[in-house]
Amino acid sequence: MPHANNGNSRFSAFPVSGRSGASLKHTHLNAIFSERDQVGFFEVHAENYMGAGGPPHAALSRVRRDYPVLLHGVCMSIGAPQPLDEAHLARFRSLVERYEPAIVSEHLAWSTHDDVFYNDLLPLPYTNETLRHVCEHIDQVQAAIGRRLLLENPSTYLVFAESDYDETGFIREIVDRTGCGLLLDVNNVFVSATNQGFSALDYLADFPLEHVGEIHLAGHRQQSDDEGEPLLIDSHDGPVCDAVWKLYDIVIGRAGTIPTLVEWDGDIPDWPILKAEADAAQAVLDRHAATGARKIHHAAAE
Ligand SMILES: [Fe+2]
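- Under the annotation held in an unreviewed UniProt entry, the protein carries the name UPF0276 protein GN330_00740 and is attributed to Nitratireductor arenosus.
- Of the comments in the UniProt record for the protein, the one headed Sequence similarities (unreviewed entry) reads "Belongs to the UPF0276 family."

Rendered as structure tokens:
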């Protein structure tokens, strides 16, 4: 993943490889500014910073002086058949230029239809026609921002009968055609697997981990569907569950120490609780980094 820092950057170079981070919430600002090096990075939703100035930008500028910032888009509607909203894309691009994020990402989803904007990230049928739209839109975004975009796997609640690809096959095609990278949300995999009754381990075995530049972890809510079966909602309003931590451990063991974000967007807890989640992810990364170092050492000694 290319880093935005170069010789002309206004910011110090902060590597994010092997680091964990947290969602940036403005209720945490005082706590965050009270001590240095709280986490490896902060991630923000682009749509929260699309005004030209004011307190959100003042706070983010201050955070950016001390931390890498990752920019995560929620509303680009990359999967919609209609053209991307040019004004939205221009605002997204100016955020990339202003904050030089270490990583820029968006969702494999759609949230607009004609001129209606939905609050949810809606799933896509994995057809050849959708693939064409998604790839055109990713090409357009990458050309606008002049760098690689990471695309996030969705959390889903249903499958479309007309799909030509399974999800991992569809994602592989997108990577091959656009050269984009991937953001693997491990909680989304667990939510989708539970809701649709497939194996999260099989999905991960088939996922092109070699293209993953960032990982998301988050909490979800459990409900029951009309038949009394468990239905998981990707709510980002609680701690990461044990099953997702186990899957995460497996992914890091296989793929290496990929920068990892703990997302928390609803029922925001006090900062120490979110920081503890990011610290737990850091402990997994550090353990695997140490094991990897030993492996390298053994290989060198043989
Ligand atoms: Fe996510």
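Moving on, there is more to tell.
Some words on unusual backbone geometry
Move 1: Backbone geometry places S77, a non-glycine residue, at a positive phi of 55°.
Move 2: When you line up the elements, S77 lands in the loop between β3 (69–72) and α3 (86–99).
Move 3: Classification of S77 as buried rests on a count of 24 C-beta atoms within 10 Å.
Move 4: For H236, which is not glycine, the phi torsion reads 55° and is therefore positive.

Comments concerning the packing of helix α6 (residues 186–196) against helix α8 (residues 242–255)
Move 1: Packing of α6 against α8 brings their axes to within 9 Å, and their N-to-C directions diverge by 120°. With respect to α8, the axis of α6 lies oblique. You can see that α6 and α8 cross each other, and the crossing is right-handed. On α8, the residues touching V186, N187, V189 and F190 of α6 are A243, V244, L247, Y248 and V251.
Move 2: Partitioning the contact of α6 with α8 into residue classes produces eight nonpolar, one polar and no charged.

Quick look at the pairing of strand β4 (residues 104–107)
Look at any regular strand and the pattern is simple: side chains alternate between the two faces of the sheet.
Move 1: Across the two faces of β4 the burial is the same, with V104 and E106 and S105 and H107 all buried.
Move 2: Pairing between β3 and β4: two bridges, direction parallel. Following the sheet pairing, H72 is matched in β4 by S105.
Move 3: For the crossover that starts at β3, traverses α3 and ends in the parallel β4, the hand is right-handed.

Quick word on the sheet that holds strand β12 (residues 260–262)
Hydrogen bonds between backbone groups are what pair the strands of a sheet, and the pairing can be parallel or antiparallel.
Move 1: In space, the eight strands of this closed barrel follow the order β1-β2-β3-β4-β7-β8-β9-β12, with parallel pairing throughout. When the angles between neighbouring strand axes are averaged without regard to direction, this sheet yields 30°.
Move 2: Alignment of β4 against strand β7 (residues 150–152), held across three bridges, turns out to be parallel. Residue pairing in the sheet places E106 in a bridge with L151 of β7.
Move 3: Of the strands in this sheet, β8 (181–185) and β9 (212–217) touch α8, which is tilted by about 165° from β9.

A few points about the pairing of β9
Move 1: The buried count for β9 comes to six of six residues, which makes it a mostly enclosed element.
Move 2: In this sheet, β9 lies alongside β8 in parallel orientation, the contact comprising four bridges. Bridging from a neighbouring strand, L184 pairs with I215 of β9.
Move 3: Pairing of β9 with β12, which is carried by three bridges, proceeds in the parallel orientation. Across the sheet, L217 pairs through a bridge with V262, a residue of β12.

Analysis parameters
Residues numbered from 1 in each chain as written. Predicted model: local features only at pLDDT ≥ 70, side-chain atom pairs only at ≥ 80, totals over all residues. UniProt positions renumbered as here; feature names shortened; annotations may be inferred. Helix = DSSP H or I, 4+ residues; strand = E, 2+ residues; numbered from the N terminus. Buried ≥ 20, exposed ≤ 12 C-beta atoms within 10 Å, placed from the backbone. Axes fitted to C-alpha atoms, helices over the stretch in contact; angles between N-to-C directions. Parallel < 35°, antiparallel > 145°, perpendicular 65-115°, else oblique. Left-handed = near helix turned anticlockwise from the far one by under 90°. Contact = placed C-beta atoms within 7 Å. Nonpolar A, V, L, I, M, F, W, Y, C, P; charged D, E, K, R; others polar. Pairing = 2+ DSSP bridges. Right-handed = clockwise from strand over helix to strand, strands pointing away.

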